[in-house]
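What follows is the residue order along each chain.
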Amino acid sequence: MGKTHPFSFRRSSSTTRRRKTSKKVAESPLLMSQQSANTPSPSSPNNDERPVAGGGKPMAKPKKKAGGARLWMRFDRNGESELFECDKSTIIKRAGIPARDLRILGPVFSNSSNILAREKAMVVNLEYIKAIVTAEEVLLLDPLNHEVLPFVDQLRHQLSHKTHSNISGNRQLALRDTESNLSASGRWIPAPETSEALQAELPFEFQVLEVALEVVCTYLDSSVADLERDAYPVLDELAKNVSTKNLERVRSLKSNLTRLLARVQKVRDELEHLLDDDEDMTQLYLTRKWLQKQQSEGLLSGGVGSISFTNGSHHLRRLSSVKSGSMLTSANLNDDDVEDLEMLLEAYFMQLDGTRNKILSVREYIDDTEDYVNIQLDNQRNELIQLQLTLTIASFAIAVETLVAGWFGMNIPCRLYYIHGIFESFVGAITVASVMLFMIVLGYARWKKLLGS
């Protein structure tokens, strides 16, 4: 028995190996067919699909991107635009911003207002305008929204107009340089200064910011105007007639005014925050940083670009206005010079402050109307209290007469019962006494100023 066990064990194991080998041979055509089905052919259009290890379903990368992709519009310096869809990772790599900045542009922070300065970009979140601005392009989120369309049209018009102005300014500048060179040789008289359009140009990122602030301020101002147009008739009607319908209309009006005031206050606070921090305003000069980087790279590489840049910037001078300084002029200014941006922000800050004052004036009018209505209600309440007091005094006088009548209504022996014709005289005397009591108490109440005159 002891010899048969090893023999039987080896026999069974060899049988098991043969069975497994036969199974593998049988399954090998099926595995080869699955691998050939999962492997994309060179002529197949879906070459981006890669098979998963283990013979699973292929992974479709474009489908994953389409799930998180959003619609964007790109504007360049010349006003040329294009629509495209891409996901967050593509935008992060393209603009060089952290992922948390894209969350600010998301629906969670749709009611917030932020202007954030980054190393290579500026994140703008003003009301419905959500954009990423760099020194060379603008990436606008949800450009087909009906609220964003005015910004798109105005930005396209602004950039196209600036492009034509720059072309004409460059031509005039070249002509002036030629005439200056000719005058140096004594052949021509020097020409006067030109290229004012080029000098009056803001950097590209500030042009975009200016258009965004203008559109937002115009929208808020028009909303306040509509609110004022609807508010004053409703408040006047409430002052004339205090009813449930008028009170409900005023309540809805006041809630709309509170929301509008909060929106204006957010944009105003963001501009105030930037005006109070010169470092943040310095970081918003993207064109200046980009040109300084190009200039430093040119100096390190020994290129000619920096030399021509320095010679060309001689012909530009800085203007002290809201739109002063061209792109090249801004690059040659001091790094701490933020006067252009400061004047730009101050202009729209004052406009938003005026819009806020309009809202506050409407709210003061609402408060005055509510005070007037409360005075009216208090007056009516006082009149009701006086009427109640008058009726109480009259009830007291009538109760005294009723008390006397109740006494004589008892079966108590009295000589007055036997006097003929005394009933009318007695009832009249009691009534006169009650009226006199009423007048005395009423006069006392007026003397104590419990009742009006």
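Scroll up a little and you will see the structure.
Below is a summary of the structure that appears in this document.

Scoring rules and cut-offs
Counting restarts for each chain: residues are numbered from 1 in the order of the written sequence. With pLDDT at 70 or above as the cut-off, local features in this predicted model cover only qualifying residues; side-chain atom pairs require 80 or more to be listed or tallied, and sums for whole chains, interfaces and linings still use all residues. Side-chain descriptors were evaluated using all non-hydrogen atoms of the structure, hydrogens and water having been removed beforehand. Going along the chain from the N terminus, every DSSP run of H or I of four or more residues is numbered as a helix, and every run of E of two or more is numbered as a strand. The buried label goes to any residue with under 20% of its type's maximum accessible area, the exposed label to any with over 50%, and the partly exposed label to all in between, with areas taken from a 1.4 Å probe on protein chains only. Contacts were defined at the residue level, with two residues in contact if any of their heavy atoms lie within 4.5 Å. Accessible surface is estimated by sampling points in the Shrake-Rupley manner with a 1.4 Å probe; for residues, cover comes only from the protein chains shown. A pair of strands is considered paired only if DSSP assigns at least 2 bridges between the two. Each axis is a line fitted through C-alpha atoms, and for a helix only the stretch in contact is used; angles between axes span 0 to 180 degrees, taken between their N-to-C directions. Oblique is the label for every angle not falling under 35 degrees (roughly parallel), over 145 degrees (roughly antiparallel), or within 65 to 115 degrees (roughly perpendicular). Should the near helix be turned counterclockwise from the far one by less than a right angle, the crossing is left-handed, whereas a clockwise turn marks it as right-handed. For this document, the term salt bridge refers to a Lys or Arg side-chain nitrogen within 4 Å of an Asp or Glu carboxyl oxygen. Two joining distances apply to patches: 9 Å for like charges and 5 Å for nonpolar side chains (Val, Leu, Ile, Met, Phe, Trp, Tyr), and every residue must have over 30% relative accessible area and no salt bridge. Between rings of Phe, Tyr and Trp, where Trp is taken as its six-membered ring, a pair exists when centres lie within 6.5 Å; planes separated by under 30 degrees are stacked, by over 60 edge-to-face, and by other angles tilted. Only when the NZ of Lys or the CZ of Arg is both within 6 Å of the ring centre and within 35 degrees of the ring normal is a charge said to sit over the ring. Identification of polar contacts relies on pairs of N or O atoms within 3.5 Å, with a donor-acceptor requirement for protein atoms, meaning one able to donate a hydrogen and the other able to accept it, and with residues adjacent in sequence counted only if both atoms are side-chain atoms. Nonpolar cores are built from buried Ala, Val, Leu, Ile, Met, Phe, Trp, Tyr and Cys residues. Side-chain atoms within 4.5 Å join them into one set.

## Points about the overall build of the protein
- Helix and strand counts for the protein come out as 14 helices and 6 strands.
- Across the 453 residues that make up the protein, the buried fraction comes to 32%.
- A sequence separation of at least 24 residues applies to 64% of the contacts in the protein between residues at least 6 apart.
- Of the roughly 28200 Å² of accessible surface on the protein, 58% is carried by carbon and sulfur atoms.

## Let's talk about the sheet that holds strand E3 (residues 114-117)
- Spatially, E2-E1-E6-E5-E4-E3 is the arrangement adopted by the 6 strands of the open sheet, whose pairing is antiparallel. With partners counted over all chains shown, the strands left at the sheet margins are strand E2 (81-86) and E3, one partner each. Neighbour to neighbour, the strand axes of the sheet diverge by 20 degrees on average, direction disregarded.
- Together, strand E1 (70-76), E2, strand E4 (121-126), strand E5 (129-134) and strand E6 (137-141) form the strand contacts of helix H3 (residues 88-95), whose direction differs from that of E2 by roughly 130 degrees.
- Sheet contacts for helix H7 (residues 204-240): E1, E3, E4, E5 and E6; angle to E5, the most-contacted strand, approximately 170 degrees.

## Details of the pairing of E2
- Relative to E2, E1 runs antiparallel, the two being bridged by 6 bridges. Across the sheet, residue phenylalanine 75 finds its bridge partner in E2, namely serine 81.
- Following E1, the chain reverses through 4 residues before pairing antiparallel with E2; glycine 79 in that reversal takes a positive phi of roughly 85 degrees.

## Re the packing of helix H8 (residues 244-276) against helix H13 (residues 339-409)
- Interhelical geometry of H8 versus H13 gives an angle of 155 degrees and a closest axis separation of 9 Å. In terms of axis orientation, H8 runs roughly antiparallel to H13. In this structure, the crossing between H8 and H13 has a hand that is left-handed.

## Points about the pattern of salt bridges
- For the coordinates displayed, the defined rule picks out 16 salt bridges.
- Glutamate 82 serves as the salt-bridge partner of arginine 74, at 4.0 Å between the closest nitrogen and oxygen.
- One salt bridge connects aspartate 269 with arginine 268, and the closest N-O pair in it is separated by 3.9 Å.
- Shared partners join several salt bridges into a network, and the residues in it are Arg268, Asp269, Glu272, Asp353 and Arg356.

## Details of a nonpolar patch on the surface
- A surface patch of nonpolar side chains, about 430 Å² in accessible area, is lined by Leu403, Trp407, Met410 and Ile412.
- Summarising the element assignment, tryptophan 407 is placed in helix H13.
- A relative accessible area of 51% places tryptophan 407 in the exposed class.

## So, the packing of aromatic side chains
- Inspection of the entire model under this criterion finds 4 aromatic pairs.
- Relative to tyrosine 219, the ring of tyrosine 128 lies with its centre 5.3 Å away and its plane at 90 degrees, an arrangement referred to as edge-to-face. Here tyrosine 128 is found in the loop between E4 and E5, whereas its partner tyrosine 219 is found in helix H7, with 91 residues between them in sequence.
- Of the residues examined, tyrosine 219 reaches a relative accessible area of 27% and is grouped as partly exposed.
- Ring plane angle 50 degrees and centroid distance 6.0 Å describe the contact between tyrosine 444 and tryptophan 447, whose orientation is recorded as tilted. Note that tyrosine 444 and tryptophan 447 are positioned in helix H14 (residues 422-447) at a spacing of 3 residues, about one turn of the helix.
- Judged by relative accessible area, which is 63%, tryptophan 447 ranks as exposed.
- Seen from the ring of tyrosine 285, arginine 288 lies directly overhead, with NZ or CZ sitting 4.0 Å from the centre.

## A look at the side chain of arginine 74
- Note on placement: arginine 74 falls in strand E1.
- Side-chain polar atoms of arginine 74 contact the side chain of glutamate 137, separated by 2.5 Å.
- Setting aside its immediate chain neighbours within four residues, arginine 74 contacts Glu80, Ser81, Glu82, Phe84, Arg94, Glu137, Val138 and Leu139.

## Looking at the nonpolar core
- Judged by nonpolar contacts, the single largest core of 62 residues is most densely connected at Phe151, Leu341 and Leu345.
- The set of elements that each furnish at least two residues to this core consists of E1, E4, E5, E6, helix H5 (149-184), H7, H8 and H13.
- Top element by residues in this core is H7. It accounts for 17 residues.
- Contact partners of leucine 341, with chain neighbours within four places excluded, come to Phe206, Leu209, Met281, Leu284 and Tyr285.
- Within the second largest apolar cluster, 15 residues are counted, among which are Ala95, Ile97, Leu102 and Ala121.

Note that every value here comes from positions in space, so none of it alone points to a role or purpose.
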